[in-house]
Every structure is written in structure tokens, then in C-alpha cells.
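What the coordinates show
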Amino acid sequence: MTHQTSLHHSGSALRLVAGILVLAMLMSAPGCAAPGRQVVAIGSYDMTEVDHLLSSAAPAARGMALVVVKDRKVIESAGYAKFGPGTVVDIGSASRWLAAAAMMTLVDQGTLALGDPVSKYLPEFTGEKAGITIRQLWSYDSGLPATDASITDRTLTLEECVKRIAAGPLPSLPGTSVSDGSVSIQVGARVCEVISGMTWQEFFRVHIAEPLGMDDTTFNLMGFNRNPDVAGGARSTADDYSRFLTMLLQRGVWSGKHILSEQAVAQIEQDQAAASTIAATPYTTVSSLLPSTSGARPGLGMWREETDPGIGTLLIASCPGTYGFTPWIDYKLNLAGVLSMKYDLAKAAYDIMRVRQLVPQAIAAGLRFKDVPASSWAFAAVADLSARGLVTGYEDGKFHPDSAITRAEYAKLICSALGIQPLAITSDPFKDVTTAYWAAGYVAAAVHQGWLIGYPGGLFKPEEPVSVAQALVVIARSQHWKDTAILPYVDVQSGYWAHAFIEACFTRGIIKNPDPGIESDGKLSPEGHCTRAQACVLLSRLLALKP
């Protein structure tokens, strides 16, 4: 449990963090591994099913790697069949997401506008081609053909390649039909060269690769070439690409610096061809295996795979490569994933689909902690609260289930569990809980609800461990329970101050008898410290009663 999740405060001796990983950067170090699988970072979620799937699928593809980042932390980084997160591969069409981001740095600078006609920068585009906009180039509805032989001609420069494209056909009118292809991206890249005065490779390096530390990502194929295939010729790694996706999830920020503005990221993610019909997407040939992609529409250089059907909010974005290299962002989970391989998109479609199903399932099952194994009496409850986003762990990857929970921590946990927002306070609620105290708003909310009370002298004692009796009293008060029962605990007699509240909790099944981990030998130990594990069990049982 963390500062965010009700069990952390700035004065703690053991400081909790927002997640259980110590990986602050998206770089990993090799670790011990089973044969054929090099695990380079330990995840906080149970990825066993993902592991089994990729271990089985990787040999046919001659290797795969998976990197998953959630809430800015690497939760899975693994390689299979002599293939790792740092293995450099051709990423095919996944190049386009990178290229579009590089282009948007010029929009941020004010030297390029998405509504500009291409002829403003490339006068060789004349006639109906003159009015093609920069936006249309990057959203696949420019009307230009999908492919052109000049893109693979290494004797040409990018300038010469684009001049040949300008002299070629225009199969459809600009702004009428979306057709996945390479040609318009090649033209868009040449515009960037003209404005920046750099080669495309240098432009990308300066504006995207270098600021993100993507040391293994380049548009150079077998050394420098003058006519890079911008739409499909980049090489990268799962590690590198995960940095790029994390930057997008952070609305353009990486390591405290803006690589892109928030507005630029929003433009990349918007449907930029809303009035155009869909003729072809990268998913057209695999839509039966990837049914969620049937309604995919273009952003800038990427694809809006799934949106909220009611309000159109982007839920999942991706940009799959011809060779199976698949980066994606799941905005619902604040997650970015990269499945790396050099194989074939159609052949790998089933495995890609399963990975993208299994990863969210693993996250929904909650965090896994080194000191709360599946055999633990509190495992189910800790996993339940973790899946609900109420608890995480310590920076050592442990949960410390036997540590006591403080009154302040419990105030935040119960409020968060029951959907009570912290109060906005303008004055100190207690002498020892100032407005600057990390849990002040939650303490004030719990007291306002009548669940917790202070001590004489205007004190709350926020750092004092909450007792088992106090924890049960808070639960009973929060539900207004007044049930009665004959209690089986020898240390809770009728005159005990919390007897009525404990009766109510026993009647409702919050505590039981026998109840391993909560009571022992018929004793509840009500004045004993309530541990983190016990708090999870009590609240998990409470939440299970909710509709």
C-alpha cells in the first residue's frame, strides 16, 4: 500500500512508493532465466500465462520479446528463444508512429501546420496534388498510391524519390479515402527535410531518438542510405520503443522534459480523416483474428484501434509492423506494450491477439508480492484490493503483510475503498494533522463521516497503529450496522467498549470463527495492532458485500 493507496506518508521510516518496482528508467539488467527465456526485469503482476504462450510461440518466429510499462514502470521485460528486449529488429510499419512524432516537433516549433498544402514546401506537387495537406499525408487519405518502386531504390535520394512520386498518379481525390501505405509518409518526411535542413535520419535522431535515449533506433538500413523507407524501414528494440510509448502516455514528457507538447500528442491521437471512408488498414488481412481492430481509423502515423462507442474517446492505439512488431497503448490501463519479433504479421496474429488479451487479465488479477505467496491466508484479499487499485507495495517488491497499519493509513484506505473523497481543508483538522500532512484530507473525511474520532487535547495520533477493534469499529460505523450476536471470542466480553461493533462485524461475516490470520485459539486480540494483511482481509470482505 502506498502514499497513493492509503499506506504511505512522508515521515515513515519505510517509505512506500507508487509501485513495487525500483525501475525508474526503462532500462533493464539481465537476470537468471530458464532455458530459452532471458528475463531481464521482474514484473509485479503474474504473467505466467503470457510467459507460457510466448515460450511456445517464439521458436517458430525465431525469437520474441515483450516489454510492458504501466504507470511509468516496467512490469514485464522478457525475451524468448535467444531474443531479448534489446534485440534490434526491422519494425516495419511501426516506423510510422515514430515518424509522425518527429514531424509534430515542427508543428510545435510553429514551422509547419497540419493544414498546410504540400506544395508550400514541395512545388513539384501540382494540379490536384498541390492541395494535399500535411494532415492528409500522415493520415493516409492523401489520395496518393500505397506503394511506389522509387521508395526501395537505394540509388536515389529522398528528394529524388519524392519528385518521382509527385510525377506519378493520384488514384483518388485527397480527403476521400483512407488507404494504408508508404508513399504519403515518404512525402511527409521530405517536407521535414526541407524545413529542418537535415537529412531525415539526422532529423529523427535529433528530435526523437536522442532525447528519449533510443540508442538502438534508426532509419538507417545497413548503414546510412540517402533514401530511407520512412514508413517501414526503421530498426528498433522493444526497450527503445517502450520509451517512446511511455512519452506519449505522459502527454509528451520524458524525464521531466517535453519531447512533444500535450497538444501535439492529442493531434497524433485524433481521428484525422473523419470524413474519409476506410479502404484499407494494416489490420485488413487479419481482422478475423483481431476483431477489435475492425473499426480502426487513422490518427497521425498510427491507428485508433478501439474507441469508446459513446463519446469516441481513444481507448487503444497501435501501429503494427509487417514483421509482427507490435507496439500498443491501452489508455484504460495507462499501459504501453511492445511485442517484438521479426516474423510475419499474419502468422503471428493469433499470438499477438492472445498477448494483448492476457496482459490486461494479469493486471486485473492484481499485483503479486514476494512475501504474499498464493499459499498465504491473505493472498486473495491482497490481490483483490490490488486489482481494485487500493494497495500496492514497498520499493523492495514486498507487501510487508505483518507490519502494522497506522490510523492515518487506515483512514485513507477506508475512504478510498468506499469511494469517499478527501476533504479540501483550509485549516489544521488536529494539532498533529496539519493541512500539509499527506493524509490530512482523508483523516478529515473519515472524521467527518463519523468513522474515526480524535483524542483529548485536539490530537488524532495519525502515526499510531490502529487496533483490530478500531478497524472493526470503523467498518461497522461506515455501514451503520447494529446487528447482535453471541461472540465466540474469549477476550471480547459484553462490557468491552467495542463489543457492539464487533458483534455487528461478526454477524456480517467480516470476522469469523475459526478465522486464521484474524483470530487465534478463540482470541481476537482486539487491542493488538491491525496488520496490513488483516486490514486487506477485513476490507475485501466488506467490499464483497457491496452490490
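Residues numbered from 1 in each chain as written. Predicted model: local features only at pLDDT ≥ 70, side-chain atom pairs only at ≥ 80, totals over all residues. Heavy atoms only, no water.

Section: the overall build of the protein
- Secondary structure summary: the protein contains 15 helices and 14 strands in total.
- Each principal axis of the C-alpha distribution contributes one length, and for the protein these read about 95 × 55 × 40 Å.
- Residue pairs at least 24 apart in sequence account for 68% of intrachain contacts in the protein once pairs closer than 6 positions are excluded.
- Total accessible area computed for the protein in this model is approximately 22,100 Å², and 54% of it derives from carbon and sulfur atoms.
- Charged side chains in the protein number 44 positive and 50 negative. The centres of these two groups are separated by 1 Å. (Helix = DSSP H or I, 4+ residues; strand = E, 2+ residues; numbered from the N terminus. Contact = heavy atoms within 4.5 Å. Areas by Shrake-Rupley, 256 points an atom, 1.4 Å probe, with all protein chains shown as cover. Lys, Arg positive; Asp, Glu negative; His and termini not counted. Charge placed at Lys NZ, Arg CZ, Asp CG, Glu CD.)

Observations regarding the nonpolar core
- Counting 89 residues, the largest nonpolar core has Tyr410, Leu472, Ile475, Ile502, Ile511 and Leu524 as the members making the most contacts within it.
- Apart from the residues lying within four places of it in its own chain, the contact partners of leucine 472 are Ile502, Cys505, Ile510, Ile511, Leu524 and Leu538.
- Leu106, Leu112, Ala166 and Leu300 belong to the second largest nonpolar core, which has 81 residues in total. (Core = buried A, V, L, I, M, F, W, Y, C linked by side-chain atoms within 4.5 Å. Buried < 20%, exposed > 50% of the residue type's maximum accessible area, 1.4 Å probe, protein only.)

Regarding helix α9 (residues 345–364)
- With 20 residues, α9 should reach 28 Å at 1.5 Å per residue; the first-to-last C-alpha distance of 27 Å fits that figure.
- The largest bend along α9 reaches roughly 30° and is located at aspartate 351.
- Inspection of α9 places Leu345, Ala348, Ala349, Asp351, Ile352, Met353, Val355, Arg356, Leu358, Val359, Ala362 and Ile363 among the buried residues, and these make up the whole buried set.
- Capping the start of α9, aspartate 344 holds a side-chain oxygen 3.0 Å from the backbone nitrogen of alanine 346, two or three residues further along.
- A positive backbone phi angle near 95° is found at glycine 366, which sits one or two residues after α9. (Expected span 1.5 Å × (residues − 1). Bend = angle between axes of the 7 residues up to and from the residue. Polar contact = N/O pair within 3.5 Å; in protein donor to acceptor, adjacent residues only side chain to side chain.)

Considering the packing of aromatic side chains
- Taken as a whole and judged by the stated rule, the model has twelve aromatic pairs.
- Taking 5.6 Å as the distance between ring centres and 85° as the angle between the ring planes, the aromatic pair formed by tryptophan 200 and phenylalanine 219 counts as edge-to-face. One end of the pair, tryptophan 200, is in helix α6 (residues 200–212); the other, phenylalanine 219, is in the loop between α6 and β6 (235–236), with 19 residues separating them in the sequence. Each member of the pair tryptophan 200 and phenylalanine 219 is classed as buried.
- Put simply, the rings of Trp97, Tyr241, Phe244 and Phe325 touch in pairs and so form one group of aromatic residues.
- Between the NZ or CZ atom of lysine 342 and the centre of the ring of tyrosine 323, over which it lies, the distance is 5.7 Å.
- Lying across the ring of tyrosine 455, lysine 461 places its NZ or CZ 4.4 Å from the centre. (Phe/Tyr/Trp six-rings, centres within 6.5 Å; stacked < 30°, edge-to-face > 60°. Lys NZ or Arg CZ within 6 Å of the ring centre and 35° of its normal.)

A short note on the pairing of strand β2 (residues 64–70)
- Summarising burial for β2: seven of the seven residues are buried, a large majority.
- The alternating pattern of β2 places Met64, Leu66, Val68 and Lys70 on one face and Ala65, Val67 and Val69 on the opposite face, and all of these are buried.
- Where β2 and strand β3 (residues 73–80) come together, seven bridges link them in antiparallel fashion. For valine 67, the partnering residue across the bridge sits in β3 and is serine 77.
- Here β2 folds back onto β3 in antiparallel fashion, the turn holding two residues, of which aspartate 71 has a positive phi close to 50°. (Pairing = 2+ DSSP bridges.)

Examining helix α12 (residues 440–448)
- Burial within α12 is extensive, with seven of its nine residues counted as buried.
- Once α12 finishes, glycine 450 follows within two positions and takes phi at roughly 85°, a positive value.

Structural notes on the confidence of the model for the protein
- Mean pLDDT over the protein stands at 89; residues scoring 70 or higher make up 90%.
- Low pLDDT (under 50) marks residues 1–43, which in the prediction has 133 contacts with non-local residues, meaning those over four places away or in another chain. (pLDDT = per-residue confidence, 0-100.)

A look at the pattern of salt bridges
- A full pass over the atoms with the stated rule returns 18 salt bridges.
- A salt bridge links arginine 164 to aspartate 153; the nearest nitrogen and oxygen atoms lie 3.9 Å apart. Of the two residues, arginine 164 sits in helix α4 (residues 158–166) while aspartate 153 sits in the loop between α3 (134–138) and α4, which places them eleven residues apart along the sequence.
- Assessed through its relative accessible area of 47%, arginine 164 is described here as partly exposed.
- Look at aspartate 153 and you get partly exposed, because its relative accessible area is 21%.
- For the salt bridge of aspartate 271 with arginine 297, the shortest nitrogen-to-oxygen distance reads 2.6 Å. (Salt bridge = Lys/Arg side-chain N within 4 Å of Asp/Glu carboxyl O.)

Here we look at the side chain of arginine 356
- Following the sequence through the fold, arginine 356 ends up in helix α9.
- When sequence neighbours within four positions are dropped, the list of residues in contact with arginine 356 reads Glu305, Ile316, Ser318, Thr326 and Trp328.

Concerning the side chain of glutamine 479
- Structurally, glutamine 479 is set in helix α13 (residues 468–479).
- Owing to a relative accessible area of 19%, glutamine 479 belongs among the buried residues under this scheme.
- Within the structure, the side chain of glutamine 479 is placed 3.0 Å from the side chain of serine 478, a separation counted as a polar contact.

Observations concerning the packing of α4 against helix α5 (residues 183–196)
- Running from amino to carboxyl end, α4 crosses α5 at an angle of 130°, the nearest separation of the two axes being 10 Å. Relative to α5, the element α4 lies oblique. The way α4 lies across α5 gives a crossing that is left-handed. Together, Leu158, Glu159, Cys161, Val162 and Ile165 of α4 and Val183, Gln186, Val187, Ala189, Arg190 and Glu193 of α5 make up the contact between the two elements. (Axes fitted to C-alpha atoms, helices over the stretch in contact; angles between N-to-C directions. Parallel < 35°, antiparallel > 145°, perpendicular 65-115°, else oblique. Left-handed = near helix turned anticlockwise from the far one by under 90°.)

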